[in-house]
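Below are the chains, spelled out letter by letter.
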Amino acid sequence: VLPRRPVSPRARFDLLGGVPDLDSAPTAALGRALRRSVATDRHGALLDYGDARGEPHLRAALASWLARTRGLAADSAAVHTVRGAQNGLYLAGRALLAPGDRVAIEVYAHPSPSALFRLLQLDLVPVPVDGDGMDVAALDALDADRRVRAVYLTPHHQLPTTSTLSPARRTRLLELARRRRWLILEDDYDHEFQYAGKPVLPLAHQDRHGVVVYFGTLSKVLAPGLRTAFIVAPPPVIDRIAAYRRFVDVQGDQILERAICDLLEDGEIDRHIRRMVRIYRARCAALCEALRGELPMLRFTPPAGGMAVWAEAPGIDVDAWAARALELGVSFQPASLFACGDVPLDALRIGFAACDEAELREAVRRMARALPRARRQSG
Ligand SMILES: Cc1ncc(COP(=O)(O)O)c(C=O)c1O
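Reading guide: rules and limits
Residues numbered from 1 in each chain as written. Predicted model: local features only at pLDDT ≥ 70, side-chain atom pairs only at ≥ 80, totals over all residues. Heavy atoms only, no water. Helix = DSSP H or I, 4+ residues; strand = E, 2+ residues; numbered from the N terminus. Rg over C-alpha atoms; globule rule 2.2 N^0.38 Å. Buried < 20%, exposed > 50% of the residue type's maximum accessible area, 1.4 Å probe, protein only. Contact = heavy atoms within 4.5 Å. Areas by Shrake-Rupley, 256 points an atom, 1.4 Å probe, with all protein chains shown as cover. Lys, Arg positive; Asp, Glu negative; His and termini not counted. Charge placed at Lys NZ, Arg CZ, Asp CG, Glu CD. Near = heavy atom within 4 Å. Polar contact = N/O pair within 3.5 Å; in protein donor to acceptor, adjacent residues only side chain to side chain. 1 Å grid on protein atoms, 1.4 Å probe; cavity = no way out; pocket = protein on both sides within 12 Å on 5 of 7 lines; lining within 4 Å. Sits in = over half its atoms within 2 Å of the grid points. Nonpolar A, V, L, I, M, F, W, Y, C, P; charged D, E, K, R; others polar. Expected span 1.5 Å × (residues − 1). Pairing = 2+ DSSP bridges. Phe/Tyr/Trp six-rings, centres within 6.5 Å; stacked < 30°, edge-to-face > 60°. Salt bridge = Lys/Arg side-chain N within 4 Å of Asp/Glu carboxyl O. Points joined across faces, edges and corners; volume = space filled by probe spheres on them. Axes fitted to C-alpha atoms, helices over the stretch in contact; angles between N-to-C directions. Left-handed = near helix turned anticlockwise from the far one by under 90°. Core = buried A, V, L, I, M, F, W, Y, C linked by side-chain atoms within 4.5 Å.

S.K.: Which parts of the structure should I look at to understand the overall build of the protein chain?
M.R.: Scanning the protein chain for helices and strands turns up 12 helices and 15 strands. For the protein chain, the C-alpha radius of gyration of 21 Å lies close to 21 Å, the compact-globule estimate for 379 residues. The principal-axis extents of the C-alpha atoms in the protein chain amount to approximately 65 × 55 × 35 Å. By the burial criterion, 57% of the 379 residues in the protein chain qualify as buried. A separation of at least 24 residues holds for 74% of the contacts in the protein chain among residues at least 6 apart in sequence. Split by element, the accessible area of the protein chain, about 16000 Å² in all, is 52% carbon and sulfur. The distance from the centre of the 51 positive side-chain charges to the centre of the 45 negative ones in the protein chain is 1 Å.

S.K.: Looking at this model, I keep getting lost on the site of the ligand. Mind explaining?
M.R.: Contacts to the ligand come from 13 residues, most closely from Ala 85, Asp 187, Thr 217, Ser 219 and Lys 220. Interatomic distance of 2.6 Å between a side-chain N/O atom of Thr 217 and an oxygen atom of the ligand. Arg 227 places a polar side-chain atom, nitrogen or oxygen, 2.8 Å from an oxygen atom of the ligand. Contact with the protein chains removes 91% of the 390 Å² of surface that the ligand exposes when unbound. For the ligand, the cavity whose grid points lie within 2 Å of the majority of its atoms is the second largest pocket. Residues belonging to the shell around the ligand are distributed by class as follows: 5 nonpolar, 5 polar and 3 charged.

S.K.: In this structure, what is going on with helix α3 (residues 85-96)? I would like to understand it.
M.R.: The end-to-end C-alpha distance of α3, which contains 12 residues, comes to 16 Å, matching closely the 16 Å that a straight helix rising 1.5 Å per residue would cover. Most of α3 is tucked away, with 9 of its 12 residues classed as buried. Among all positions of α3, only Ala 85, Asn 87, Gly 88, Leu 89, Leu 91, Ala 92, Gly 93, Ala 95 and Leu 96 are buried.

S.K.: Looking at this model, I keep getting lost on the sheet that holds strand β15 (residues 347-351). Mind explaining?
M.R.: Strands pair in a sheet through their backbones, by hydrogen bonds, and they do so in one of two ways: parallel or antiparallel. Pairing is antiparallel across the open sheet formed by 4 strands, whose spatial order is β11-β12-β15-β14. Two strands bound the open sheet, and with one partner strand each, they are β11 (299-300) and β14 (333-334).

S.K.: I would appreciate a short explanation of the packing of aromatic side chains in the present structure.
M.R.: Aromatic rings considered in pairs are described by the distance between their centres and by the relative angle of their planes. Scanning all chains against the criterion turns up 7 aromatic pairs. Ring plane angle 65° and centroid distance 5.1 Å describe the contact between Tyr 108 and Trp 310, whose orientation is recorded as edge-to-face. Here Tyr 108, found in the loop between β3 (102-106) and α4 (111-119), pairs with Trp 310, found in strand β12 (residues 308-312); they are 202 residues apart in sequence, far enough to count as distant. Between Trp 310 and Phe 338 the ring centres are 6.4 Å apart and the planes differ by 75°, which places this aromatic pair in the edge-to-face class. With Trp 310 in strand β12 and Phe 338 in the loop between β14 and β15, this pair connects stretches of sequence that are 28 residues apart. Across the pair, Phe 338 and Trp 310 agree in class, each one buried.

S.K.: Can you walk me through the pattern of salt bridges in this structure?
M.R.: It is possible for side chains bearing opposite charge to pair when their charged atoms get close. Tallied over the entire structure, the rule returns 23 salt bridges. Note that Glu 55 is salt-bridged to Arg 258, the shortest N-O span being 3.1 Å. In this pair, Glu 55 is assigned in the loop between α1 (27-39) and α2 (56-70) and Arg 258 in helix α9 (residues 254-265), connecting sequence segments 203 residues apart. When the shortest N-O distance is used, the salt bridge between Glu 175 and Arg 179 registers 3.5 Å.

S.K.: Help me out: how do you make sense of the layout of surface pockets in this one?
M.R.: Over the atoms rolls a probe the size of a water molecule, and its path tells where empty space is left. Approximately 470 Å³ is the volume attributed to the largest pocket. Surrounding the largest pocket, 22 residues form its lining, Gly 131, Thr 161, Ser 163, Trp 310 and Glu 312 being those nearest its centre. Breaking the lining of the largest pocket down by element, the ones donating at least two residues are β5 (129-130), β11 and β12. Among the residues forming the lining of the largest pocket, the class breakdown is 12 nonpolar, 6 polar and 4 charged. Approximately 390 Å³ is the volume found for the second largest pocket. For the second largest pocket, the lining is made up of 23 residues, of which Ala 85, Gln 86, His 110, Ser 112 and Lys 220 are closest to its centre. At the level of elements, α3 and α4 are the ones that each hand at least two residues to the lining of the second largest pocket. With 3 residues, α3 is the largest single contributor of residues to the lining of the second largest pocket.

S.K.: Help me out: how do you make sense of the side chain of His 157 in this one?
M.R.: Here His 157 lies in the loop between β7 (150-153) and α6 (167-180). Accessibility expressed as a relative area gives 1% for His 157, which makes it buried. Look past the residues within four positions of His 157 in its chain and what remains in contact with it is Thr 162, Ser 163, Thr 164, Tyr 189, Asp 190, Phe 193, Gln 194, Ala 304, Gly 305 and Gly 306.

S.K.: Just checking my understanding: could you explain the environment of Arg 208 for this structure?
M.R.: Tracing the backbone shows Arg 208 in the loop between α7 (203-206) and β9 (212-217). Taking the C-alpha atoms as reference points, Arg 208 and Arg 68, separated by 140 residues in sequence, lie 18 Å from one another. At a separation of 3.2 Å, a polar atom in the side chain of Arg 208 contacts the main-chain carbonyl oxygen of His 205.

S.K.: What exactly am I supposed to notice about the packing of α2 against α9 here?
M.R.: Describing two packed helices takes the angle between their axes plus the distance from one axis to the other. Direction vectors running N to C along α2 and α9 enclose 30°, while the axes themselves pass 8 Å from each other. Viewed along their axes, α2 and α9 form a crossing whose handedness is left-handed. Residue-level inspection shows His 57, Leu 58, Ala 61, Leu 62 and Trp 65 of α2 in contact with α9, the latter providing Glu 257, Arg 258, Ile 260, Cys 261, Leu 264 and Glu 265.

S.K.: For this particular structure, what's the right way to read the nonpolar core?
M.R.: Burial of nonpolar side chains together is a common tendency in soluble globular proteins. Of all hydrophobic cores here, the largest spans 90 residues; its most connected members are Trp 321 and Leu 348. Ranked by residues supplied to this core, first place goes to helix α10 (residues 268-294) with 10 residues. Within the second largest apolar cluster, 28 residues are counted, among which are Leu 124, Ala 229, Val 237 and Cys 340.

Right under this line is the structure:
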């Protein structure tokens, strides 16, 4: 049912931080659920116009899944399904913000949300990040100068640097948001993948004042091609987003949403996550070991979770290295891809989810072969 990964002769080893292992996607179960979704559709309800907030059974199933797995005390009135987190950010950006609004963003950020915010003519102000996630004290100081309307961040595993927002910063951020009337846009793209230490619950779990608009996605859990994600926010916020969606997209894919609801309710998605966590944990360890062996000049901390390693490569022209590695069939992400402000560019993000351990070892050997040329180019 799901398309297989296209084999590109230029990039045989996709070390891209956001791509899950699509060969492991539960395609048979999804196929059965899709057939059931169509076969059991009573009086064509799923074929009809429906609720702009999403298919009601899926919204209810998501509400109880999110309560159980992420501590989000939401009922289905607080849940809105969308066609990917990117689509959710677009709808929320249109419904809740206006062109010219100032949005704080982590100084390294995923290029899709940052490009989207520029498209929406939002005024992006970069905030430094470190080993404890977004620097909330710097954000506070920045707001004194240039009034911020919203804060977009990836607190679970900062994208791309993988750090987790510290408990003290979480508390301070929520308190500041309440006092300054900031809207917090929490992008929790890889919540499920935690390999070391205790799971960290979302900022939305701690939100007592309705300041957080929470974005989750099934793109990393199942597959990005399904374009299924969700927003959790206070019901009046959800209704504003739905009112906007009604005019630009009408509703989601109800047949697919009902099938995904089935997979959630019968435990298929939880089983798949448990399996992928085991697989990704082993891949993460294999990548770290290969990097230590083949590229000892890299500085990195093994991530506590997620799908990628962030490494500093002091003095190396990482853009040249990435271009050379691509010629050898390996694609990784240079820091320049994520820069939203003035930041060091001698760093890289190396994804481990889409390749098995042997592939990761071969990919790292090729990266090492690509390095000397990149070094000379920088000198
Ligand atoms: C931080 C972040 N936000 C949003 C997205 C978009 O996800 P989706 O496929 O759900 O639109 C991605 C995808 O890589 C991401 O990494």
